[in-house]
Amino acid sequence: MEQSSGHELNADQIAYWNGPSGQRWADRHALQEKLLGPIADVLIDRAEPKPGERVIDVGCGSGATTVALAKAVAPDGFALGLDVSEPMLSQARALAPKGLPLDFVLADATVHSFERASFDLLASRFGVMFFADPIVSFTNLRAALKPTGRLAFVCWREPKENPWMMAPLMAVYKHVPKMPPVGPEEPGPFAFASEERVMRILKGAGFVDVALQPHNLAMDIAIGGGLDAAVDGALQIGPASRALQGHPPETYEAAKASIRDMLAPFQEGQSVTLQGAIWIVTAKAA
């Protein structure tokens, strides 16, 4: 398996997304896209990609957002999907429809040698919160934008505003010790939860007219598959899954029962819906 090289401070993230965890995300790409697809629609609506534009999709994962962006800028535009995860990029390359103006690159956006001042739009769905030194990363990305270029990405707000992720974790914590807390400046899914921090990072990288708009979501974590699917999803990826790593089968089964009990009141038909919360972040290159 090819593995991305990159900034030395991003080495842990690169290893994570090329190891078993990255493979689990790749294996669940179809289900995850059903869960997160509506957020891609929100992102693209706000990013407003136009025919003929050149777009970078940072942290493109299995490529659904890159495909959507490529369709929006076709036939004369171009979408570049960038990610550090070879397992997910393998899915992206296999699934992308033929004939679209796109390409996928295994690379760390912090150090990748983009063609300078050649892109109109920088977009990302949850792909920018994992940089160890985000000002350096966004400075490199901004240099790839034309002076008229713009940025649009989505990131998670505070954990307490995202019970779809945190409620299963709280159920697991009845059975295992809490994981070490992640510092507010450390990479992770909630690294951009602070409006002040996002403003500081983007302005520090030279972006202007930075704006964050809150957007709330109803997340069907069962993805239409019923309560068992919701429980299985929480156990396969996400914070509840990470908290259970390395624990014996009896602990896993006890935690699974607690997750099921916790989620059962939220079931309606085949859906299990909890709230999610994101920022829609926009800015201009100059």
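The model shown is predicted, which means the values in this text are computed figures rather than measured ones.

Quick look at the pattern of salt bridges now. When charged atoms on two side chains of opposite charge get close, those side chains can pair. If you walk through the whole model with that rule in mind, you get eleven salt bridges. In this structure, E53 engages R150 in a salt bridge whose closest nitrogen and oxygen atoms are separated by 2.8 Å. With a gap of 97 residues between them, E53 in the loop between helix 3 (29–47) and strand 1 (54–58) and R150 in strand 5 (residues 145–156) connect regions that are remote in the sequence. Taking relative accessible area as the criterion, E53 reaches 12% and is therefore assigned buried. A salt bridge links R54 to E115, with the shortest nitrogen-to-oxygen separation between them at 3.9 Å.

This paragraph deals with the nonpolar core. F138, F153, W156, F192, F207 and L263 are the most contacted members of the largest nonpolar core, which totals 94 residues. Not counting the four nearest positions on each side in its chain, F138 is found in contact with V128, F131, L151, F153, F192, I201, L202, A205 and F207.

Quick look at the packing of aromatic side chains now. For the structure shown, the criterion picks out ten aromatic pairs. Relative to F138, the ring of F131 lies with its centre 5.9 Å away and its plane at 90°, an arrangement referred to as edge-to-face. Each of the two residues, F131 as well as F138, counts as buried. For the ring pair F138 and F207, a centre distance of 6.3 Å and an interplane angle of 85° mean the geometry is edge-to-face. Of this pair, F138 sits in helix 6 (residues 134–144) while F207 sits in the loop between helix 8 (195–204) and strand 6 (208–220), placing them 69 residues apart in sequence. Both residues of the pair, F138 and F207, count as buried. Counting every residue linked through ring pairs, the aromatic cluster contains F131, F138, F153, F192 and F207. Over the ring of F119 we find R54, and its NZ or CZ is 4.4 Å from the ring centre.

Most of strand 2 (residues 78–83) is tucked away, with five of its six residues classed as buried. Judged from the five bridges that link them, strand 1 and strand 2 form a sheet pairing that is parallel. Directly across from V55, in strand 2, lies its bridge partner A79. Since strand 1 and strand 2 lie parallel, the crossover through helix 4 (residues 64–73) that links them has a hand, and here it is right-handed. Crossover strand 2 to strand 3 (residues 102–106) through helix 5 (residues 86–95) is right-handed.

Quick look at the environment of D57 now. Looking at the element boundaries, D57 is found in strand 1. C-alpha of D57 to C-alpha of P87: the two residues are 30 residues apart in sequence and 17 Å apart in space. Apart from the residues within four sequence positions on either side, D57 is in contact with T65, T66, L69, L80, G81, L82, A123 and S124. For D57, the side chain forms a polar contact with the side chain of T65, separated by 2.5 Å. A polar side-chain atom of D57 sits 2.7 Å from a polar atom in the side chain of T66.

Conventions and cut-offs
Residues numbered from 1 in each chain as written. Predicted model: local features only at pLDDT ≥ 70, side-chain atom pairs only at ≥ 80, totals over all residues. Heavy atoms only, no water. Salt bridge = Lys/Arg side-chain N within 4 Å of Asp/Glu carboxyl O. Helix = DSSP H or I, 4+ residues; strand = E, 2+ residues; numbered from the N terminus. Buried < 20%, exposed > 50% of the residue type's maximum accessible area, 1.4 Å probe, protein only. Core = buried A, V, L, I, M, F, W, Y, C linked by side-chain atoms within 4.5 Å. Contact = heavy atoms within 4.5 Å. Phe/Tyr/Trp six-rings, centres within 6.5 Å; stacked < 30°, edge-to-face > 60°. Lys NZ or Arg CZ within 6 Å of the ring centre and 35° of its normal. Pairing = 2+ DSSP bridges. Right-handed = clockwise from strand over helix to strand, strands pointing away. Polar contact = N/O pair within 3.5 Å; in protein donor to acceptor, adjacent residues only side chain to side chain.

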